[in-house]
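The lines below spell out each chain.
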Amino acid sequence: MRALLVVNPAATTTSARVRDVISTALASDLKLEVATTEYRGHARDLGRKAAEGGEVELVVALGGDGTVNEVVNGLLHHGPDPEALPQLAVVPGGSTNVFARALGLPNDAVEATGALLDALRAGTSRTVGLGLVSGTPGTEDEGVPPRWFTFCAGLGFDAGVVGRVEAQRESGKRSTHSLYLRQVARQFMSDPHRRHGTITLDRPDHDPVDGLSTAIICNTAPWTYLGNKPVYASPGASFDTALDVLGVTKMSTVAGARYAAQLLRSTPERGPRGKYAVALHDLTDFTLHSQAPLPFQVDGDHLGLRTNATFTGVRRALRVIV
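Rules and cut-offs
Residues numbered from 1 in each chain as written. Predicted model: local features only at pLDDT ≥ 70, side-chain atom pairs only at ≥ 80, totals over all residues. Heavy atoms only, no water. UniProt positions renumbered as here; feature names shortened; annotations may be inferred. Helix = DSSP H or I, 4+ residues; strand = E, 2+ residues; numbered from the N terminus. Buried < 20%, exposed > 50% of the residue type's maximum accessible area, 1.4 Å probe, protein only. Domains from an automatic or database assignment. Contact = heavy atoms within 4.5 Å. Buried area = accessible area lost by both parts, 1.4 Å probe. Salt bridge = Lys/Arg side-chain N within 4 Å of Asp/Glu carboxyl O. Polar contact = N/O pair within 3.5 Å; in protein donor to acceptor, adjacent residues only side chain to side chain. Core = buried A, V, L, I, M, F, W, Y, C linked by side-chain atoms within 4.5 Å.

Examining the UniProt feature "domain: DAGKc" (unreviewed entry) in the chain
Now for step 1: Here the UniProt-annotated "domain: DAGKc" (unreviewed entry) positions come out as residues 1-137.
Now for step 2: Helix makes up 39% of residues 1-137 and strand 25%. Its end C-alpha atoms lie 42 Å apart.

Concerning the environment of R174
Now for step 1: Position of R174 relative to the elements: it lies in the loop between α6 (157-170) and α7 (177-190).
Now for step 2: Among the residues examined, R174 registers a relative accessible area of 69% and is labelled exposed.

Regarding the domain arrangement of the chain
Now for step 1: Split by domain assignment, the chain resolves into domain 1 (2-123) and domain 2 (131-315).
Now for step 2: In this structure, domain 1 and domain 2 have C-alpha centres spaced 26 Å apart.
Now for step 3: Each partner contributes to the interface: domain 1 provides 16 residues, whereas domain 2 provides 21 residues.
Now for step 4: Contact between domain 1 and domain 2 buries roughly 1,500 Å² in total, counting both sides, with carbon and sulfur atoms accounting for 60%.
Now for step 5: Three residues, N69, V98 and R101, lead the burial of domain 1 against domain 2; their summed loss comes to 33% of the area buried on that side.
Now for step 6: Here domain 1 is connected to domain 2 by 1 salt bridge.
Now for step 7: In this structure, the connection of domain 1 to domain 2 is made through 7 residue pairs in polar contact (both at pLDDT 80 or more).

Topic: the nonpolar core
Now for step 1: Within the largest apolar cluster, 44 residues are counted, with the highest numbers of intra-cluster contacts made by V71, L76, L88, F99, L130 and W223.
Now for step 2: Taken domain by domain, this core gets at least three of its residues from each of domain 1 (2-123) and domain 2 (131-315).
Now for step 3: Contact partners of V71, with chain neighbours within four places excluded, come to V6, A43, R44, G47, V59, A61 and L88.
Now for step 4: Membership of the second largest hydrophobic core comes to 21 residues, among which are V133, F286, L294 and F296.

Brief notes about the side chain of T67
Now for step 1: Relative to the assigned elements, T67 resides in helix α3 (residues 65-75).
Now for step 2: Residue classification places T67 among the buried residues on the basis of a relative accessible area of 7%.
Now for step 3: Excluding its chain neighbours within four sequence positions, the residues that come into contact with T67 are N8, A43, A61 and L62.

A few points about the pattern of salt bridges
It is possible for side chains of opposite charge to pair when their charged atoms get near one another.
Now for step 1: Enumeration according to the criterion identifies 10 salt bridges in this entry.
Now for step 2: Where R2 meets E55, a salt bridge forms, and the shortest distance between an N and an O atom there is 3.8 Å. In this pair, R2 sits in strand β1 (residues 2-7) while E55 sits in the loop between α2 (42-53) and β3 (58-63), placing the two residues 53 residues apart along the sequence.
Now for step 3: The exposure class of R2 is partly exposed, given its relative accessible area of 38%.
Now for step 4: Where D29 meets R121, a salt bridge forms, and the shortest distance between an N and an O atom there is 2.7 Å.

In structure tokens:
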């Protein structure tokens, strides 16, 4: 099998030696080409080239969720075609690795490489659904390029936290639980819209859902991890269905503390619930509109401020080796 290994040299949990060990192991079973990313968006360009070239059968992403997201967007540049496009494999090398762990892979890069080789020898794979977010026709965000996501997107509070964490990491801070929790607290104290939500969710043949202060869109469960602890915003979300949404209409100090505690105690059977929580399951098409520009994130990548975003849940979008 002809394969391309896309390596992010800045991946936080793999050293150069570990990356060499992984590439050597993969080369023992694959006709392997190795490409190291050199700029933001390079993994996307490499994925697109692999999809358009017609020779590569498998693209392996070695890095964090951001690297995986770029590779996926490159592979699906011309749209999903699971039978014709190269298959995807993931070796986790980031700080959280939600997509890889949601697939059931070990969070250790070397162990995950072993699991990948076992899957290749056994010929096992699965076709997963993905989310697609694009600019909303007739709005100021109409021209925003579409973006695929593998596990989550968010508009409002959670995206503000992501932006704060990114800023801290760019200043040299390590991504840790305590860093994340500090940014949650700072976003909570400074968010001007947490008490009176500005987001409306529109979907075909249903009444609008108004007054959301944040919207978390999940393509799978869990939503994220705090170290080894999975956190479930939408426990029913799955790679086999469309998209789930958790919205919160009001986050006073009391309500915010309650939902934070529920997230920390969440399980595969039970997520946040209550008077101000809105949970929607298996949505294929919907649009979020905000009266004010809000932070926006896709797969943990902060994309600035948005007022409108249109979402599509695409079942059976890409084949993944597991």
